[in-house]
Amino acid sequence: MDTREQLEQIRAEATASIESAASLQELDAVRVKYLGKKGELTAVLKTMGKLSPEERPKVGQMANEVRELITADLEKRNELLKAAQQEMKLKAETIDVTLPGTKVEIGHKHPLSIVLDEVKEIFLGMGFEVVGGPEVEWDYYNFEALNIPKDHPARDTQDTFYITENMLLRTQTSGVQIRTMENKKPPIRMIAPGRVFRSDAVDATHSPLFHQIEGMAIDEGITMGDLKGTLETFAKKLYGEQTKIRLRPHHFPFTEPSCEIDVSCFKCGGCGCSMCKGEGWIEILGGGMVHPKVLRTGGIDPEKYSGFAFGVGLERIAMFRFGLDDMRLLYENDVRFLDQF
Ligand code: DAH
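Note that the coordinates shown come from a computational prediction; the quantities given were computed from them, not determined experimentally.

Structural notes on the packing of helix α5 (residues 111-125) against helix α10 (residues 314-322)
Here is step 1: At a minimum axis distance of 9 Å, the contact between α5 and α10 shows a crossing angle of 100 degrees. The orientation of α5 relative to α10 falls into the category roughly perpendicular. Note on element contacts: α10 touches α5 through Leu314, Glu315, Ile317, Ala318, Arg321 and Phe322, opposite Pro111, Leu112, Ile114, Val115, Leu116, Glu118 and Val119.
Here is step 2: Per-class residue counts for the contact of α5 with α10 are ten nonpolar, no polar and three charged.

Some points on the site of the ligand
Here is step 1: Near the ligand you find 16 residues, and of these Gln172, Ser174, Arg198, Gln212 and Glu214 are the closest.
Here is step 2: Within the side chain of Gln212, a nitrogen or oxygen atom sits 2.8 Å from an oxygen atom of the ligand.
Here is step 3: A distance of 2.5 Å separates an oxygen atom of the ligand from a polar side-chain atom of Glu214.
Here is step 4: Protein burial of the ligand: of its 350 Å² of free accessible surface, 90% is covered by the chains.
Here is step 5: Elements with a contribution of two residues or more to the shell around the ligand: β6 (209-219), β9 (281-290) and β10 (306-313).
Here is step 6: For the shell around the ligand, the residue count by class is four nonpolar, ten polar and two charged.

Quick notes on the side chain of Asp326
Here is step 1: Looking at the element boundaries, Asp326 is found in the loop between α10 and α11 (335-338).
Here is step 2: Engagement of the side chain of Asp326 in a polar contact is seen with the backbone nitrogen of Arg328, the distance being 2.9 Å.

Describing the sheet that holds strand β5 (residues 188-197)
Here is step 1: Here we have seven strands laid out as an open sheet, ordered β1-β5-β6-β10-β9-β8-β7, and mixed in their pairing. Single-partner strands in this sheet number two, and they are β1 (129-130) and β7 (245-252).
Here is step 2: Bridge count for β6 against β10 is eight bridges, and the pairing is antiparallel. Residue pairing across strands places Glu214 opposite Gly311, the latter belonging to β10.
Here is step 3: Packed onto the sheet, α5 meets β1, β5, β6 and β10 and runs at close to 165 degrees relative to β5.
Here is step 4: Relative to the sheet, helix α7 (residues 175-183) contacts β5, β6, β9 and β10, its axis offset from that of β5 by approximately 140 degrees.

A look at the packing of aromatic side chains
Here is step 1: For the structure shown, the criterion picks out ten aromatic pairs.
Here is step 2: A centroid spacing of 4.3 Å and a plane angle of 10 degrees characterise the contact between Tyr239 and Phe266, whose relative ring orientation is stacked. Here the residue Tyr239 occupies a position in helix α8 (residues 224-239), and Phe266 occupies one in the loop between β8 (255-264) and β9, the gap between them amounting to 27 residues.
Here is step 3: With a relative accessible area of 23%, Phe266 lands in the partly exposed category.
Here is step 4: Grouped by ring-pair contacts, the aromatic residues Phe123, Phe128, Phe234, Phe308 and Phe310 constitute a single cluster.
Here is step 5: Note that Arg179 overlies the ring of Tyr141, its terminal NZ or CZ placed 4.1 Å from the centroid.

Overview of the sheet that holds strand β3 (residues 162-164)
Here is step 1: The three strands lie next to each other as β2-β4-β3, forming an open sheet whose pairing is antiparallel. In this open sheet, the two edge strands, each paired with only one partner strand, are β2 (136-138) and β3. Averaged over all adjacent pairs, the angle separating strand axes in this sheet is 30 degrees, with direction ignored.
Here is step 2: Sheet topology note: the β2/strand β4 (residues 167-169) ladder contains three bridges and is antiparallel.

Description of the pattern of salt bridges
Here is step 1: Per the counting criterion, the structure on display carries 16 salt bridges.
Here is step 2: With a closest N to O distance of 3.3 Å, Lys184 and Glu129 form a salt bridge. Placement of the pair is Lys184 in the loop between α7 and β5 and Glu129 in strand β1, with a sequence separation of 55 residues.
Here is step 3: By relative accessible area, Glu129 is classed as partly exposed at 32%.
Here is step 4: One salt-bridge network, in which partners are shared between bridges, spans Asp139, Glu144, Lys150 and Arg155.

Definitions and limits used
- Residues numbered from 1 in each chain as written.
- Predicted model: local features only at pLDDT ≥ 70, side-chain atom pairs only at ≥ 80, totals over all residues.
- Heavy atoms only, no water.
- Axes fitted to C-alpha atoms, helices over the stretch in contact; angles between N-to-C directions.
- Helix = DSSP H or I, 4+ residues; strand = E, 2+ residues; numbered from the N terminus.
- Parallel < 35°, antiparallel > 145°, perpendicular 65-115°, else oblique.
- Contact = heavy atoms within 4.5 Å.
- Nonpolar A, V, L, I, M, F, W, Y, C, P; charged D, E, K, R; others polar.
- Near = heavy atom within 4 Å.
- Polar contact = N/O pair within 3.5 Å; in protein donor to acceptor, adjacent residues only side chain to side chain.
- Areas by Shrake-Rupley, 256 points an atom, 1.4 Å probe, with all protein chains shown as cover.
- Pairing = 2+ DSSP bridges.
- Phe/Tyr/Trp six-rings, centres within 6.5 Å; stacked < 30°, edge-to-face > 60°.
- Buried < 20%, exposed > 50% of the residue type's maximum accessible area, 1.4 Å probe, protein only.
- Lys NZ or Arg CZ within 6 Å of the ring centre and 35° of its normal.
- Salt bridge = Lys/Arg side-chain N within 4 Å of Asp/Glu carboxyl O.

Written out as C-alpha cells, the structure is:
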C-alpha cells in the first residue's frame, strides 16, 4: 500500500470511528488514535522521507487535508455529543413539582403563649395597651404602694424570695399598676402580663414561678359596670359566646370594693361536672375598683378619676382552656405533651 492509499484508509477509518463514538470519552480516544503524537497519521508522516522529492509536497498536502477533515469531523461529533449529554443531564435532573414535599418539622407556640396571645388580642381589641414591669421589684411597688404595709396579713399569703429587705421577686403583677400611674396620665387602659414568684412548694396547682396578667383602666367616671362589661367580653371571647360571669364580694387591699369573678363552666355549661367540681362556676379573676389611696399614691386625683383593676392567672385559664389537670405539664417541656397543641 503506498502512502496515498494509507492516508485514504486512515481517513475512512477515522470517519467511521468518529461516527460511531457514543460518548465524549470515546471520541477523545479516537482523536488520540489518529491525530495524537503516537497516532496513525503522525506515523505515516514520519515515513514521508522515503518519498521522491516531487511526490513529497503532494503527499504532504494530502496529509494536511486528511488532518483537517478528521479535525472537522471530530469537532462536529463533539458538538453533537455535548448537546446530547446536556440533554440527558437535564432529563435526569427533572423535578416533579407535583410530588409531595418532605415535611420540615418546625416548632409551635407553647400552650401558655397561645393563651397569652389570645388574651392580648382580646384586650388590644378593646383599646388596651400591653405594658411590662420588672420581675425583680421593690417592696414598695409589690406591697407598700398597693396598700399592703409591712405588717399586713396579706403578705403572709404571698411569701417570696428576697434579694434585700426592700427588693424581692415580685409576687404579683399588680405593682405595674403603680408604675403605669407614675408614667402616664389618664385615660389609662393597660394590661401587664408577666412572670411572678412565690415561695410555694410544687404540686398540681402550685409553682414557685407562674404568670399573671394585670389589667387596669382609669378615667373620669369609670364604674364597676365597666369592669363587669370588660370582663364579660373577655370571658365570652376566650371561652365562647354562651359564657356567663358572676361577681362575688371579696377583699383585696388595693381595690375597694373588691370581687372575685367566676365564669360559667364551659365544659358542662353550668350543670356541674368534674372540671368545675360540681359547682357550675370556675373562679378565674380577682378585681375591683382601684382604691382611692392607691390612686393617690400613684399621683392620680381620686376626686377626679376612678378606675378598675383585675388580675388573672395565665396557667389557670390555660388549664381550663385545654382541660389540663396538672400545672406541672406546662413546665416539664415534654414534647409528647407539647406536640398536642
Ligand atoms: N394580685 C392579685 C393576686 O395575685 C390579683 C388581683 C386582685 C389583681 C384584684 C388585681 C385586683 O388587679 O384588682 O391575687
